[in-house]
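Descriptive structure summary
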Amino acid sequence: MAAFTAEIVYRGIFQKNLAARIVRGIVLSARKSGRWGIAFGRYGDSPQRNGIPAKDFAIVADTKEELEQNMARYEPKHVDVTICVDDTLAKGVESWAWYGLQPLNRLIVPGGTLLITSLQPYGDILRDIHRKDTPFTMALIRARASFSGLWVYKEDHTEVRILGALAKIVPAFLSLDAVCQAVSEMEWGSDLKVASARKAYDRLESREIEAGEGNPETPYSFELPRWWEMREGVSIPAIPLGKPKEGGKGYVPERNPYFKKFSTRTMRPVIDFDTCVKCNLCWISCPDSCFDVMPDGTFDANMESCCGCGVCEAVCPVEKCITMVNESVFDDNASQWDAWRQDKDAYRTWMIDKISNTQATVRSHGFRFRGQYEEELKSELDAGGQAITAGIPGENAQHKTV
Amino acid sequence: MAVETKAAQAAEDKELLISGSEAVAEALTLADIDVVTAYPIRPYDTVMQAIAKKISGGQLQAEYIVAEGEHSQFEIVKHASMVNARVFCGSSGVGWAYAMECLVVTPSLRVPMVALVGNRALDDPGAFGVEHNDALFVRDLGWMLCWIDTSQEALDTTLIAYRVAEDRRVFLPLAISADGAFLTHSQAITMVPPKEKVDRFLPRYDRGDLQLHPDNPITVAPQVNEDWVIEIRRQTNEAMKRATTVIEEAYTDFRRVFGRGPENPWFEEYMTEDADVILIGMGTISLPLKVAIREMRAKGKKVGLVRLRWFRPFPTDRLVAALSKAHAIGVIDRDYSFGSPFGSGVVANEVRAAMYNAATRPPLVSFTGGLGGREVTLEDVHKVTEMCFAAAASGKSDVQTHWLGVRE
Amino acid sequence: MAETTFPNATQVLEPFRGIKRVTMEEYFTSGHRTCQGCESALVMKLMVKAAGPRTIVLGSTGCMYVANTTYYTTPWVVPWMHTQLGSSGSAALGTAAGLKSLMRKGKMKAEPINVIAFCGDGGGADMGIGAISATLTHKEYNSLILLYDNESYANTDIQLSGMTPYGAHTTFSPPGKAKRIIHTRWKKNMAGMMAAGHPECRYVATVCASFAVDMMNKVRRALTIGGPTFIHSLDPCPKGWDYDPMLSHELGELAIETGVFPLYEVEDGQVKYYGKTKSIVEGRPRKPVREYLLKQGRFAHFTEEDLAYFQAKVDEMWQWEIPAVVPFRRLDRAKAALEVK
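Further remarks concern the overall build of chain A. What chain A contains, in helices and strands, is 12 helices and 12 strands. Computed over its C-alpha atoms, the radius of gyration of chain A comes to 22 Å, within 12% of the 21 Å expected for a compact globule of 402 residues. The principal-axis extents of the C-alpha atoms in chain A amount to approximately 70 × 60 × 40 Å. Evaluated residue by residue, chain A yields a buried proportion of 60% over its 402 residues. Pairs at least 24 residues apart make up 75% of the contacts formed inside chain A by residues separated by at least 6 positions. In chain A, 49 positive and 55 negative side-chain charges are present, and the distance between their average locations comes to 2 Å.

Structure (C-alpha cells):
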C-alpha cells in the first residue's frame, strides 16, 4: 500500500487533546521519511460532548496525488488501523452526529489492525467487540484509559506509546526512528517520551482475530427516510408520555428509540436496592432521565439511556448504595431491579463482586483539583512503577492496588 | 392596468381614494389577520400606520406589536404563524436586511407569512427612494416574490397572497414588493370589496399537523447534519414548484368571486400582440413606459411592454412564449448586480437565462435605471427603444448594460 | 389544569411541597446527546416537569438546541421549536401573542398554555438581550424566558461570552506566556438588570438545578404570576469548565456557598433570598471562592493574585445596597468607601 489510513476512536472532550496529538504525531512522523499526510476530525462529531464517542483520522501517502484521493471526506470508508484509547468503546460506537451503533472494528480492512489501550485480557475485550467477516489483528498497549479535559492535560505518555506501537504495526510508513525524531521535536515532546515510545514498540502485544470471532449481536441500526417520507416543516413527532411500571405504580418514561446513549458510558451505576432510602435524589438529579420509578419506590437506571456521568452516586446520601463501576466488567444492559427482584441473594453476590472490584471502581474521569493528574501518575508508579524521571508512567497500572 | 371594474361589482365594492399602503391595510382587515408587528422605516411603515388606525378604530382585531427591531419583528410573526395565527409583517431596505436571519428560516419551516417590502435603496448612503435589491435578497431562498404597481393591485394581491401562501400544497412565505413613494405614498381610487366576498375567496389558515400546540406535540427544526439537509431543501423546492399551479388557481378564483383581476397572473402585457420591441420592467416603472409606448405607437413604432408581477416562482414558459414574438427585448432593471454577466441587473440576467433554451432568441438589451428612486423619464424610454430597434436591425444583443438618467 | 374562557389567565401550578411530591411524569426525556453530567439538560428536564403537559417550549440556538434535538432524536414530550440565537424574547412573545389572538377571536379553544423560551448565556445575555428586554415590557402576554447560563458559547467549542467569569480559560481566551489573563471583563448581572430595568415584569428569579425543588417552584411561580417573567439559571458545564462530570451537582452548590452566584427572586419589586444565599445576606460566612474555582480546569492557570482579585470582586457584590442583586450604593456609603481608601 502506498497510502496508510488510521482512525482514532476516543471519548469526546476527555480525550480530544490526546487524539489530536496522536493524529498530528502520525503525520509529522511520516513526514520524517518524506511522506505527505493530513490529520482531521469527524466534522459531525464537533462540537464534541463529554464522553460521547468521537473520531479523528490520519492519512499518510507517498505522494500528494495519492493523498488527494483521501481528502475532502467526513470519514474514510476503510482504515488500515483503528486506534482505540478507551477499551469500553469495544461495545460499539454511537457518535452524537450519526444513527445506530457502529462496531469499533467496522472500518478495518481485511488483515488490518485494531490497537487498543487496555488492561483486560483478549478474551474479555472480544466478548464486546462485534465479530467481523474478515480477520484482523488485535494489538494491545497495557494501560489505563487516559482521561483529562479541555484545558488541563494528563501527561501520562499515552500519545507517544500509541505512536511507538504504530511504528511496530506499519513500519513501512512510520519507522521507530522517525517517530522518535518527531516526538522529540513536538512542543510536548521530551527524551522521556521518546523512551516511552521505544518501550511501547518493544512491548506491543498482539493476536490474530479470526473471521467470525467476537460478539455475535447485531448492532441496532437506523434507515434514513427518503425526502418525501419526511414530515414537512422540518418537524418530527414528539416522544409520547411514559406509563406506570406495573399495577398502576411507579413510572417509566418513553424514551427516544433512535438514540441510545449507552455507548457514551465508561462507568455505570450499580445500585443496592436493599439500602436505598427512596430519597428521589438520583432520579431528580439525572440529566438523562434514565431512572425508572419502580413500584416499590426504588429507582432502576435504564442502561440504554444512562451515559454514566456519576451524578447519581455523587448525590446519593447512602454509602455504597450507588457505586460507579467500569463498563468493561458488564456484558449487557439488563435491568438491575429485575435481577434483584428475581433473586435478592444472587443479586447481592453479583453486586458485591462488582463494587468491590478495585480495578473497575478506580475513577480518573477529568479534572477535580490542581495537581490531581500528577498525583494519579505518582500513585500508579507507587504501585510498582519507577519514578517519573526514569520510568514510564502507567506502564505498571495493571499492578495498581487501591 | 388589467383591472376592469364591472358595474355589478362596483355596486357592492366601496370606492376609496387611498395609497398603496392603505390599500394593503384594507386587505389585511378583510383577511382578518391575527398578529401584526411594526417597526419604523420608510417607506413601508405607512402600511403599519394605516393598520394602527384600523386597530384603534376597531375595524381590525389583531395583536398589534411594536417590536424593538426588524429582527424581532419577523421572528414574532414567524412564531405566531407556527401556532396557526394569520400574520403580517414588512420592512424596507436595510430594515429588511436586518431581518435577514429571520427571513431565511421561514421557507424550510413552511411558514406562510405575508410581508410587504416597500422597496428602498440600501445604505450607504441613506436614501428613501426605490430600488429593488432589498426584496431581491430573498429570491433564492424559497420566498415567493411579486411586484405591484397600483393601489388596486396592492389590495387584490394581498388577498391572493394569503390564499396562495396558506395553501397546504405551498406553505411558503410571500413578499409583496411596492415601489417606495410612487406606490406607498400616493393615493388612487381603489375598489374595496365587502367581507362576504373575501370570505368566499380566502379560507381560514389551518396549519394542521404542522401546528405547534400541546394537542399536536411535535419537535420543529431540530439540528441536522449532512444526512438531512438536502432532503429538506428538496421539500422546499417541490413546494415552490407546486406554487405555480396554486397561483393560477387563485387568480381564476379571484376573477370568479370579485369579477376583476388579470387573465395572466404572472405578467401584464401591454400592446405586445404586434410589437417589434418588447420592454420589460417590474413595479411602477411600467407607468412612464406605457406613456412612452403610446407616444411611439402614435409615431408608428411598434413597442410593447411586459410588466412582471411574479418573480418567484418565475413564469419561464409563459414569458418565453410572450417574448419570442419580438424582434428585440429591452429589460429595464431598477436594481443592480455588480459584476454579474454583462453587468446587468437581476431581471435582465433572469430573462437571459429563461430564454436560453428558446427556439427563437431575440436580441436583448439591458438597462439599469431609476436607482434610488430617480424618475425614469420619457426621454430615457425613447433612448431605450432606439437602442432596442438598433439591436433588432443588427440581430445582435448588446454586450453592455446601459445606465439610464445618470449624469455622464 | 383550570379551564377558562379568558385567554390571559395562567395555569394553576401549586409549588411542590418537598421532593417527594414532585410529579413523576417526564416531559423532557432520554434521547438528547448532551455531555455526561450536563446540568443544562437537567434544567430542561426540571423546567418542563414543573410546567406540565400544556406547555410550548421555544429553544434558541445553543447546546440545548444542537445537542438536545438532532433530527429524529428529540427528547421532548411537549411541543418544542427552535428559534434563532438572539430570538428567545421574540419567540416567547410571538407564540404567546398568536395563542392569545386566536383564543380571543374564538379560533382556538381558550385555555392557559405555558409559553417558555430558553436561551443560553450567549443567546440571552449577549445577542438576544434586546429582544428579551422588549418582551419583558409586554405585560399582556404570559411567558417565561429562562436563561441557562453555562458561562460560555459551549456549543461552538467554548468561546467566551458576556457571562464568562473573569480570567476563565476559553478557546477565545487561552492563557499564554505573554498574557495569562485575556478575558478581563466581569460577568453581567442579568437577573438584577432584568428586574431593575423592567418595572412591569412581575417576577425575576435566579436558580441552580442543584436545588431542584426550589428551581421547579420558581418556574411554577414564574408561569402563574401572569405577564412576562425571567429566570436566570447557573449551569455547571463539565465540558467548558473542565471538571469530572460527577461533580456538576457539587459545583452548583459551591457557586452558591462561595457567594459567586446568589439565589433570589424579585416578585413585584420585593427581593427574597433563598437557602445559603439568605444566610450569607444575614451575615453568616461564605466559603472562599478558591474552593469553587480550583475545582475547575478553566481556572487552573490562576495565580494567588488572580484568586484574590476574584474574591475581592465577589466580596464587593455583597456590599451592594441590595446585596448581590443591583450594584448600587447610597451616596454616603460610596463616600465612606472612598474615605477608607
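Looking now at the pairing of strand S12 (residues 303-308) of chain B. Residue and element names in this part refer to chain B. Judged by how many residues are buried, S12 sits mostly within the fold: six of six residues are covered. Alternating positions in S12 separate into two faces, Val303, Leu305 and Arg307 on one and Gly304, Val306 and Leu308 on the other, with burial throughout. By the bridge criterion, four bridges tie strand S10 (residues 267-270) to S12 in an arrangement that is antiparallel. By the bridge assignment for S12, Glu268 is matched with Arg307. Sheet analysis places strand S11 (residues 277-282) next to S12, joined by six bridges and oriented parallel. From the neighbouring strand, Leu279 faces S12, where its bridge partner is Leu305. In this region the chain leaves S11, passes through helix H11 (residues 286-298) and returns to the parallel neighbour S12; the handedness of that crossover is right-handed.

What follows deals with the interface of chain A and chain C. Listed per partner, the contact involves 74 residues of chain A and 63 residues of chain C. Carbon and sulfur atoms make up 58% of the area that chain A and chain C hide from each other, which totals about 5400 Å². On the chain A side of the contact with chain C, A:Trp151, A:Ile284 and A:Arg370 bury the most area, a combined 15% of that side's loss. For the pair chain A and chain C, the interface holds three salt bridges. As a salt-bridge pair, A:Lys16 and C:Asp157 come within 3.7 Å of each other at their nearest N and O atoms. At the boundary of chain A and chain C, one finds 34 residue pairs in polar contact (both at pLDDT 80 or more). Those elements that place two or more of their residues in the side of chain A that touches chain C are strand S8 (235-237), helix H7 (281-285) and helix H8 (311-315) of chain A.

Quick look at the nonpolar core now. The nonpolar side chains of a soluble globular protein tend to be buried, and buried together. The biggest cluster of nonpolar side chains holds 147 residues, and the ones touching the most others in it are B:Phe88, B:Met144, B:Leu159, B:Phe311 and B:Val351. Element by element, the count of residues in this core is highest for helix H10 (residues 229-258) of chain B, at 10 residues. No fewer than three residues from each of domain 1 (6-258) and domain 2 (267-403) of chain B sit in this core. By size, the runner-up hydrophobic cluster in this structure holds 114 residues, among which are A:Phe273, C:Ile158, C:Leu293 and C:Trp318.

With that settled, the discussion passes to the pattern of salt bridges. Counted according to the given criterion, the structure contains 88 salt bridges over all chains. Note that A:Asp353 and A:Lys354 form a salt bridge whose closest N and O atoms lie 3.9 Å from each other. You can call A:Lys354 buried: its relative accessible area is 12%. The salt bridge involving C:Lys218 is made with C:Asp214; its shortest N-O contact spans 3.3 Å.

Residue and element names in this part refer to chain A. Here Thr298 shows up in the loop between strand S10 (291-293) and strand S11 (299-301). You can call Thr298 buried: its relative accessible area is 2%. Sequence separation between Thr298 and Cys276 is 22 residues, and the spatial gap between their C-alpha atoms is 6.7 Å. Setting aside residues up to four positions removed in sequence, Thr298 forms contacts with Phe273, Cys276, Lys278, Asp292, Val293 and Trp337. Among the polar contacts made by the side chain of Thr298, one reaches the side chain of Asp296 at a distance of 2.6 Å.

With respect to the helices, strands and loops of the structure, B:Val346 is situated in helix H13 (residues 346-355). Linking B:Val346 and B:Asn133, residues 213 residues apart in sequence, is a C-alpha distance of 8.5 Å.

All right, on to the interface of chain C and chain B then. Contact residues are listed per partner, giving 45 residues for chain C and 40 residues for chain B. The junction of chain C with chain B conceals about 3400 Å² of combined surface from both sides, 61% of it contributed by carbon and sulfur atoms. For the pair chain C and chain B, the interface holds 24 residue pairs in polar contact (both at pLDDT 80 or more). Where the side of chain C that touches chain B is concerned, the elements lending two or more residues are strand S1 (55-60), helix H2 (63-66), strand S2 (80-83), helix H3 (88-104) and helix H5 (129-135) of chain C. With 12 residues, the single largest contributor to the side of chain C that touches chain B is H3(C). Its residues placed into classes, the side of chain C that touches chain B shows 24 nonpolar, 15 polar and six charged. Sheet topology note: the strand S9 (residues 218-220) of chain B/S2(C) ladder contains two bridges and is parallel. From the neighbouring strand, B:Thr219 faces S2(C), where its bridge partner is C:Trp80.

Another point: the domain arrangement of chain A. All names here are of chain A. The domains assigned to chain A are domain 1 (3-217 + 376-401) and domain 2 (242-356). Relative to domain 2, the C-alpha centre of domain 1 lies at a distance of 32 Å. Every contact between the two is made by 19 residues of domain 1 and, on the other side, 15 residues of domain 2. Between domain 1 and domain 2, the buried area comes to about 1200 Å², and carbon and sulfur atoms account for 50% of it.

It is worth spelling out the sheet that holds strand S13 (residues 310-312) of chain B at this point. Residues and elements named next belong to chain B. Taken together, seven strands build an open sheet; the order of strands is S3-S2-S4-S5-S7-S6-S13 and the sheet is mixed. Looking at strand neighbours, the two that pair on one side only are strand S3 (63-66) and S13, the edges of this open sheet. Neighbour-to-neighbour, the strand axes of this sheet turn through a mean angle of 20°, independent of strand direction. Inspection of the sheet shows strand S6 (residues 144-148) paired to strand S7 (residues 174-179) by five bridges, in the parallel sense. Directly across from Ile148, in S7, lies its bridge partner Ala178. Where helix H8 (residues 151-165) meets the sheet, its contacts fall on strand S4 (87-91), strand S5 (114-119), S6 and S7, and the angle it forms with S6 comes to roughly 165°.

Moving on: a nonpolar patch on the surface. A cluster of nonpolar side chains, contributed by B:Phe338, B:Trp403 and B:Val406, occupies part of the molecular surface with about 320 Å² of accessible area. You can see B:Val406 is positioned in the segment after strand S16 (401-403).

Cut-offs used in this document
Residues numbered from 1 in each chain as written. Chains lettered and ligands numbered in written order. Predicted model: local features only at pLDDT ≥ 70, side-chain atom pairs only at ≥ 80, totals over all residues. Heavy atoms only, no water. Helix = DSSP H or I, 4+ residues; strand = E, 2+ residues; numbered from the N terminus. Rg over C-alpha atoms; globule rule 2.2 N^0.38 Å. Buried < 20%, exposed > 50% of the residue type's maximum accessible area, 1.4 Å probe, protein only. Contact = heavy atoms within 4.5 Å. Lys, Arg positive; Asp, Glu negative; His and termini not counted. Charge placed at Lys NZ, Arg CZ, Asp CG, Glu CD. Pairing = 2+ DSSP bridges. Right-handed = clockwise from strand over helix to strand, strands pointing away. Buried area = accessible area lost by both parts, 1.4 Å probe. Salt bridge = Lys/Arg side-chain N within 4 Å of Asp/Glu carboxyl O. Polar contact = N/O pair within 3.5 Å; in protein donor to acceptor, adjacent residues only side chain to side chain. Core = buried A, V, L, I, M, F, W, Y, C linked by side-chain atoms within 4.5 Å. Domains from an automatic or database assignment. Nonpolar A, V, L, I, M, F, W, Y, C, P; charged D, E, K, R; others polar. Axes fitted to C-alpha atoms, helices over the stretch in contact; angles between N-to-C directions. Patch = residues over 30% accessible without salt bridge, like charges linked within 9 Å, V, L, I, M, F, W, Y side chains within 5 Å. Areas by Shrake-Rupley, 256 points an atom, 1.4 Å probe, with all protein chains shown as cover.

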